[in-house]
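Summary of structural features
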Amino acid sequence: MPGRLMAPVARLVVVAGRAAGEGADGAESWRRTLAPEVTVDQGVEGLAGPPGGALPRALFTTGDRVGAVLAGAVRADPPPSHVLLWAGDREPEEDCRAAGRLSCPVTVLVPMGAHAARAAAHRWRGLTDGPFTVRFLPPGCPLPAACDEVSARLIKEELQVWPA
């Protein structure tokens, strides 16, 4: 309905490498395309969230420091409601396995052209005791550097956030 105000129903904490959406332009594309249903925080400190924050927090992470970020997610109180992990063209490394097991759903996002990651996608399964999904990203997908409409729809589907 035109003129209707929509409040956010989820918060996405984006913890990605320097080249992956943490700059001002990348962050703005995430905020713009995921609004109004999802708010976006940047950086690992977003896992703690504001005191009394009522929105469920999901985590999107990739690249730099992924093991440390996942360990922080395991220790977070409350824990994330969902973890979206952009695999790029990599397999899980020891630091990821040493982070501990999550209890929330984990979705591994794999670029269609990332042959090594496609072959190893099942190895990320050990990160969670919860549901596990692998989503293949179409060619030209800007994740993680930016978030376009197609990426936003995929993220909202995984978070089970539906436009009003």
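Residues numbered from 1 in each chain as written. Predicted model: local features only at pLDDT ≥ 70, side-chain atom pairs only at ≥ 80, totals over all residues. Heavy atoms only, no water.

1. A look at the pattern of salt bridges
- The tally for this structure, following the rule as stated, stands at 5 salt bridges.
- A salt bridge links Asp 41 to Arg 11; the nearest nitrogen and oxygen atoms lie 3.0 Å apart. Of the two residues, Asp 41 sits in strand 2 (residues 38-42) while Arg 11 sits in strand 1 (residues 10-15), which places them 30 residues apart along the sequence.
- Accessibility expressed as a relative area gives 24% for Asp 41, which makes it partly exposed.
- Judged by relative accessible area, Arg 11 falls into the buried class, the value being 13%.
- Close ionic contact of Glu 37 with Lys 156 constitutes a salt bridge, the shortest N to O distance being 2.6 Å. Taken together, the residues span a long stretch of sequence, with Glu 37 in the loop between helix 1 (24-34) and strand 2 and Lys 156 in helix 5 (residues 149-159) at a distance of 119 residues.
- Of the residues examined, Lys 156 reaches a relative accessible area of 10% and is grouped as buried. (Salt bridge = Lys/Arg side-chain N within 4 Å of Asp/Glu carboxyl O. Helix = DSSP H or I, 4+ residues; strand = E, 2+ residues; numbered from the N terminus. Buried < 20%, exposed > 50% of the residue type's maximum accessible area, 1.4 Å probe, protein only.)

2. Observations regarding the pairing of strand 6 (residues 132-137)
- Where strand 5 (residues 106-111) and strand 6 come together, 6 bridges link them in parallel fashion. Following the sheet pairing, Val 110 is matched in strand 6 by Phe 136.
- Read from strand 5 through helix 4 (residues 115-120) to strand 6, the crossover connection turns out right-handed. (Pairing = 2+ DSSP bridges. Right-handed = clockwise from strand over helix to strand, strands pointing away.)

3. A closer look at the state of the cysteines
- A full pass over the atoms with the stated rule returns 0 disulfides.
- For Cys 141, which is in no disulfide, the shortest distance to another cysteine sulfur is to Cys 147 and amounts to 8.0 Å.
- Here Cys 147 falls in the buried class, since its relative accessible area comes to 4%. (Disulfide = S-S within 2.5 Å.)

4. A short note on the environment of Val 38
- Of note, Val 38 is situated in strand 2.
- Measuring from C-alpha to C-alpha, the distance between Val 38 and Pro 8 comes to 5.1 Å, with 30 residues separating the pair along the chain.
- Once residues lying within four places of it in the same chain are set aside, the contact partners of Val 38 are Ala 10, Arg 11, Leu 12, Lys 156 and Val 161. (Contact = heavy atoms within 4.5 Å.)

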